[in-house]
Each structure stands twice: as C-alpha cells, then as structure tokens.
Amino acid sequence: MRKFVYIVTDRNRTSLHVGMSADLIKTLDFYKQMPSLFFDSGQQLTRLVYFEEFKTEPQALSRFKLISRFTRMQKERLVRSCNPDWIDLTIGLDFEHITMSRPLSTQVKIPLTIMS
C-alpha cells in the first residue's frame, strides 16, 4: 500500500501544511473543495508543492513526524530542493491519474469512406 507525505501551501505561500495520505489525489481534491469557512480565498491550501511516496505506513509516518518538526525555513529548503519555482504539482498527478484510469487504445480507426 502506497503512502504519501506532502506539503501544501496557499497561493501567497504564507502557510505550509505537512500531511500524510494513502490517496493523494483524493486528499488534494478535498483541500480544493473545502469550504472557505476558516480561510479566505487567498489562504486556502490548494497548491501541492512537495511530496514523497513510501511503500509502507511506518516509513511514511516516521518521515511525516520528522518533516512536521521542521521549522518554516527547513520546509522551504526542502520544497526548493525539488521544486525551486514552487509550481503546483497537482497538474502532473492529475494527468497521471487520468491516463492510468482509462484504457489506452493502440488501434487506429479509419472511416470506411476513406478506404473506398
């Protein structure tokens, strides 16, 4: 079973939140659909800026605990080491999820009118 440790932030990078999840896409979808009762639109945690994948839960849990104790400066360094421009990584994950969930067709379909 795969586990993920991730860091999400808002569009202004004022908040950095460390989390752990078994289904990263579903978790990120929850963050994006979370009602703005507690945050205004600028403070919603909608940008995935860092993540790591682990094969076991104990590995992920120990890494989660370690990153959670990091200072803000350490978290920023961790993000910049892999994502120096702080690009939202959900775009790549969604693409991977879409292509993995639908069967790929290698057969080309040609209309009969072209063949005659």
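Above this text you will find the structure in question.
Computed from a predicted structure; not experimentally measured. (Residues numbered from 1 in each chain as written. Predicted model: local features only at pLDDT ≥ 70, side-chain atom pairs only at ≥ 80, totals over all residues. Heavy atoms only, no water.)

J.: So what's going on with the overall build of the chain? Residues and values would help.
T.: Looking only at helices and strands, one finds five helices and three strands in the chain. Here the chain holds 116 residues, and 29% of them are scored as buried. A separation of at least 24 residues holds for 66% of the contacts in the chain among residues at least 6 apart in sequence. Accessible surface, the chain as shown: approximately 8,400 Å² in total, 58% of it carbon and sulfur. (Helix = DSSP H or I, 4+ residues; strand = E, 2+ residues; numbered from the N terminus. Buried < 20%, exposed > 50% of the residue type's maximum accessible area, 1.4 Å probe, protein only. Contact = heavy atoms within 4.5 Å. Areas by Shrake-Rupley, 256 points an atom, 1.4 Å probe, with all protein chains shown as cover.)

J.: Hey, could you go over the sheet that holds strand 2 (residues 16-21) for me, with residue numbers and the actual values?
T.: If you trace the three strands from one edge of the open sheet to the other, you get 2-1-3, paired in antiparallel fashion. Edge positions in the open sheet fall to strand 2 and strand 3 (47-54), since each of these has one partner strand only. For this sheet the average axis-to-axis angle between neighbouring strands, irrespective of direction, equals 20°. The pairing of strand 1 (residues 3-9) with strand 2 spans six bridges and is antiparallel. Bridged to V8 within strand 2 is H17. Running over the sheet, helix 2 (residues 57-68) touches strand 1, strand 2 and strand 3 and is turned about 170° from strand 2. (Pairing = 2+ DSSP bridges. Axes fitted to C-alpha atoms, helices over the stretch in contact; angles between N-to-C directions.)

J.: Residues and numbers for the pairing of strand 1, please.
T.: When you tally the buried positions in strand 1, you get seven out of seven residues, the bulk of the element. In strand 1, alternate side chains face the same way, and those of K3, V5, I7 and T9 on one face and F4, Y6 and V8 on the other are all buried. Bridge count for strand 1 against strand 3 is seven bridges, and the pairing is antiparallel. Counterpart to T9 in the pairing with strand 3 is R47. Linkage of strand 1 to strand 2, two consecutive antiparallel strands, is achieved through a turn of six residues, within which R13 is found at a positive phi near 60°.

J.: I'd like a description of the nonpolar core, backed by residues and values.
T.: A general feature of soluble globular proteins is that nonpolar side chains tend to end up buried together. By size, the foremost hydrophobic cluster in this structure holds 12 residues: V5, I7, L16, V18, V49, Y50, F54, A60, I67, L78, V79 and W86. At the level of elements, strand 1, strand 2, strand 3, helix 2 and helix 3 (72-82) are the ones that each hand at least two residues to this core. Per element, the largest residue contribution to this core is three residues, and it comes from strand 3. For W86, the contacting residues outside a window of four places in its chain are T9, R13, L16, V49, E76, V79 and R80. (Core = buried A, V, L, I, M, F, W, Y, C linked by side-chain atoms within 4.5 Å.)

Geometric values such as these leave the question of function open.
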